[in-house]
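Each chain is listed here by its residues.
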Amino acid sequence: MHNEYIPFLSEIKEVIKHTSIEYTFRMTYEGKEVKPGQFFEVSIPKFGEAPISVSGISEGILDFTIRKVGKVTDEIFERYVGDKLFLRGPYGNGFDVNDYKNSELVVIAGGTGLSPVRGVVEYFSEHPQEVKGMTLVAGFKTPKDILFIEDFSRWKKNMEVILTVDCAEDDSACRIGLVTEFIPQLKLKDIKEAKAIVVGPPMMMHFTTQGLLKEGFREENIWISQERKMCCGIGKCGHCKIDDTYVCLDGPVFNYTKGRNLID
Amino acid sequence: MGYNLEKASMNDIFKTWSEEYAIYAPKCLVGKGAFSDTDSVRYSEIQDIEEIEFDKKSDFSFKEILTPISQTLFYFTEEEIKEAEVPKKGAIIFLRSCDLHAVKRLDEIYLKNGFEDYYYKRIREKVKFILMGCAYSYENCFCVSMGTNQIDSYDAAIEPYKKGYRIDNKLPAWEEVFSEHCEKELEVTPSYVTENIVKVNVPEGITLDIVKSEMWNEYDSRCINCGRCNFVCPTCTCFTMQDVFYTDNGKVGERRRVAASCMVDGYTDVAGGGAYRKKNGQRMRFKVLHKVYDYKKRFGYHMCVGCGRCDDVCPEYISFSNCINKLEGAMAEVKKNA
Ligand SMILES: Cc1cc2nc3c(=O)[nH]c(=O)nc-3n(C[C@H](O)[C@H](O)[C@H](O)COP(=O)(O)OP(=O)(O)OC[C@H]3O[C@@H](n4cnc5c(N)ncnc54)[C@H](O)[C@@H]3O)c2cc1C
Ligand code: SF4
Ligand code: SF4
Ligand code: FES
């Protein structure tokens, strides 16, 4: 009988500081195959567990990009290279890159929403021939809040990148404006067949999907990723349930035809 | 096989069982009721068959034996984890038909629904169920409407009969002990009720539009989100994780899970102050639809078993069964306004 609640130790190999409250922890990992959009319960005994998405997947390594917001995440930020964290997972369905192959793909991410979808962006950046076209629209509050800044220059080589901030003082490398403002400007050959992934805070996802639908995207071609309170990640604790859906099992990635019916 | 047994013989059997099992049954606790001067019937471990309360409904269900209110998952030091031990003995649980139907709901969540729950399974594997027949219906019960008034999947069934008991046994391993101790062997069919005073009608064709109904608003102020309705419900399974450490040695502690309620503040809280269903009426909606609508969409049968305990316990006299009976009107209302 397998005990899914017992976490395993994982060593911090590297800490990448994006902003003062957002770091990527590069952790050792050996286990089941992991997909972008899946998550782990990351924990420190005494402080508790927190569901965190994988933001990068490579041989023997998983990245977790964590925002320091409370009990568990504050304590994680006290840890450094060589220290260990407890993990259990992977949980959730994650993104299936096959859903987007041979299509024009638009990824729209707000803030930390970029981390669950980063694996998908990486995949098509490495395999640009597998999509008909790719655009990444990433929005952050201010230039100081930008995550994965060094990735953007690399991604730019293989895809259209729109990096935008809500407001900025200087005219830095990015544009100014909410991600939604860039939807009408998307250059797509066939909007009816194009596919989109939208990840970010609830309001951002709401207005972005509305914007995409208005431009002619089909509902079944849009995917979103949801966050809810989660205590177990494995369909037991009930906290993440919406209607007959368990976000931890059936999500957190949902096709919009399903995602739009999730009324808390 | 059915048997007639005397009290003394039953207690002899209890002695044999107690080597392998702890025996749990509803027991009357005088003066411990939800309202003043009332008694409370709760599950406890018993040694003597006369401790069992056969004439009243239990205020709390058996579920805490399978899913303890607070359950230690493991003990930890900073880098080491030690799994909590399993109770050595198995359990024999005396319970009524509605509650045995509820076991199926607990199994559905804990043994299926994505992953198997290690801690539930290791207790569940060693549990035997003895059905207590219902000669009559109790206050607020609506098992007949929910189709949970009768059940065959017990290990044994029991009913007081004259000065002793009647037993129907289905467990081959118990045949010997019963036939050794019985007065006589006979056919026994456990009694069950065929009618309750309270009846509910779960309408067909509920849609999510029902969320928009006005009916939920009534509970915004009536319900005080105390969560008692969830804690007494034999089918509620939610929990929250909790890390605790022992103060005399800050490095050592344990991770537990504790019973949670979707009616109580904090259930949906996420970091940064976000929360869903802030109004109590919306929590009521979430609970009611789970019990008689969305659970069925996922698993094929209703979650609520009609035990009526939530109605019995509510300090605000909110009736869940009444609420179910308003669903049909609520659907009509939202269709009209659509
Ligand atoms: C599927 C999923 C993926 C996530 N991915 C990331 C990520 O990649 N990076 C990141 O920084 N954050 C992510 N979050 C949010 C992160 O889980 C919370 O910020 C974290 O739980 C806060 O814990 P805390 O103890 O530091 O905060 P506190 O405010 O002290 O505690 C918050 C409490 O809420 C619980 N909780 C459960 N689910 C959530 C949730 N969704 N949001 C907030 N609190 C929650 C925590 O376990 C804790 O008990 C994700 C959440 C989910 C559900
Ligand atoms: S319905 Fe009654 S028992 Fe349930 S939370 Fe509200 S007041 Fe408490
Ligand atoms: S919802 Fe109420 S009536 Fe239904 S099983 Fe739970 S406690 Fe019993
Ligand atoms: S997180 Fe516990 S059921 Fe989904």
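If you're wondering where the values come from, they're calculated on a predicted model, not measured in any experiment. Within each chain, residues carry numbers counting from 1 in the order of the written sequence. All chains are assigned letters beginning at A, and all ligands numbers beginning at 1, according to the order in which they are written. Local features in this predicted model are restricted to residues whose pLDDT is 70 or higher, and side-chain atom pairs enter the listing and the counts only when it is 80 or higher, whereas totals over whole chains, interfaces and linings include all residues. Working from all heavy atoms in the structure, the side-chain values ignore hydrogens and water.

What to know about the site of ligand 1
Turning to step 1, where the next piece is worked out: Whether a residue is near a molecule or strand depends on its heavy atoms: if one lies within 4 Å, it is near. Taken together, the neighbourhood of ligand 1 is formed by 22 residues, with Pro51, Arg67, Lys71 and Thr73 of chain A together with Ala271 of chain B sitting nearest.
Turning to step 2, where the next piece is worked out: Residues near ligand 1 are shared among chains A and B, making this a multi-chain site.
Turning to step 3, where the next piece is worked out: As used in this structure description, the phrase polar contact means that two N or O atoms lie within 3.5 Å; if the pair is within protein, one of them must be able to donate a hydrogen and the other to accept it, and residues adjacent in sequence are counted only when both atoms belong to side chains. Interatomic distance of 2.9 Å between a backbone N/O atom of Val72 of chain A and an oxygen atom of ligand 1.
Turning to step 4, where the next piece is worked out: Taking Thr73 of chain A, its side chain carries an N or O atom lying 2.5 Å from an oxygen atom of ligand 1.
Turning to step 5, where the next piece is worked out: Surface exposure here means Shrake-Rupley accessible area, sampled with a 1.4 Å probe, where a residue is shielded only by the protein chains that are shown. Protein chains bury 84% of the 830 Å² of accessible surface belonging to ligand 1 in isolation.
Turning to step 6, where the next piece is worked out: Elements that contribute at least two residues to the shell around ligand 1 include exactly strand S4 (48-58), strand S5 (61-67) and helix H1 (71-76) of chain A.
Turning to step 7, where the next piece is worked out: Numbering of helices and strands starts at the N terminus; helices are DSSP runs of H or I of at least 4 residues and strands are runs of E of at least 2. For the shell around ligand 1, the element with the highest residue contribution is S4 of chain A, accounting for five residues.
Turning to step 8, where the next piece is worked out: Here the residues of the shell around ligand 1 are counted per class, giving 10 nonpolar, five polar and seven charged. Only Asp, Glu, Lys and Arg are considered charged in this grouping, and only Ala, Val, Leu, Ile, Met, Phe, Trp, Tyr, Cys and Pro are considered nonpolar; every other residue, Gly among them, is considered polar.

A few points about the side chain of Glu108 of chain B
Turning to step 1, where the next piece is worked out: Along the chain, Glu108 of chain B turns up in helix H3 (residues 97-111).
Turning to step 2, where the next piece is worked out: Here, two residues are considered to be in contact whenever any of their heavy atoms come within 4.5 Å of each other. Apart from the residues lying within four places of it in its own chain, the contact partners of Glu108 of chain B are Asn113, Tyr295, Phe299 and Tyr301 of chain B.

Details of the site of ligand 3
Turning to step 1, where the next piece is worked out: The full set of residues close to ligand 3 is Phe142, Cys233, Pro234, Lys291, Cys304, Val305, Gly306, Cys307, Gly308, Cys310 and Phe320 of chain B.
Turning to step 2, where the next piece is worked out: Of the residues that constitute the shell around ligand 3, the class distribution is eight nonpolar, two polar and one charged.

Some words on the domain arrangement of chain A
Residues and elements named next belong to chain A.
Turning to step 1, where the next piece is worked out: When its domains are assigned, chain A resolves into domain 1 (8-91) and domain 2 (97-259).
Turning to step 2, where the next piece is worked out: Computed over C-alpha atoms, the centres of domain 1 and domain 2 are 21 Å apart.
Turning to step 3, where the next piece is worked out: On the domain 2 side, the residues contacting the 20 residues of domain 1 number 19 residues.
Turning to step 4, where the next piece is worked out: Any Lys or Arg side-chain nitrogen found within 4 Å of a carboxyl oxygen on Asp or Glu counts as a salt bridge. Taken together, domain 1 and domain 2 are joined by one salt bridge.
Turning to step 5, where the next piece is worked out: Between Arg118 and Asp63 there is a salt bridge, with the nearest N and O atoms lying 3.7 Å from each other.
Turning to step 6, where the next piece is worked out: Here domain 1 and domain 2 share four residue pairs in polar contact (both at pLDDT 80 or more) between them.
Turning to step 7, where the next piece is worked out: For the side of domain 1 that touches domain 2, the secondary-structure elements that each account for two or more residues are strand S2 (22-28), strand S3 (39-44), S4, S5 and strand S6 (84-91).
Turning to step 8, where the next piece is worked out: A total of six residues in the side of domain 1 that touches domain 2 trace back to one element, the largest contributor, which is S4.
Turning to step 9, where the next piece is worked out: For the side of domain 1 that touches domain 2, a count of residues per class yields six nonpolar, eight polar and six charged. Throughout the structure description, domain borders are defined by an automatic or database domain assignment.

Re the domain arrangement of chain B
Residues and elements named next belong to chain B.
Turning to step 1, where the next piece is worked out: Segmentation of chain B into domains returns domain 1 (2-67 + 86-186) and domain 2 (208-233 + 262-337).
Turning to step 2, where the next piece is worked out: Counting residues at the interface gives 23 residues for domain 1, matched by 25 residues for domain 2.
Turning to step 3, where the next piece is worked out: Note on definitions: buried area is the accessible-area loss of two parts on being combined, 1.4 Å probe, summed for both. Interface area for domain 1 against domain 2, summed over the two sides, is near 2,000 Å², with a carbon-plus-sulfur share of 56%.
Turning to step 4, where the next piece is worked out: On the surface where domain 1 and domain 2 come into contact, there are two salt bridges.
Turning to step 5, where the next piece is worked out: Here Lys57 ties to Asp312 by a salt bridge, and the two come within 2.9 Å at their closest N and O atoms.
Turning to step 6, where the next piece is worked out: Joining domain 1 to domain 2, the criterion identifies 14 residue pairs in polar contact (both at pLDDT 80 or more).

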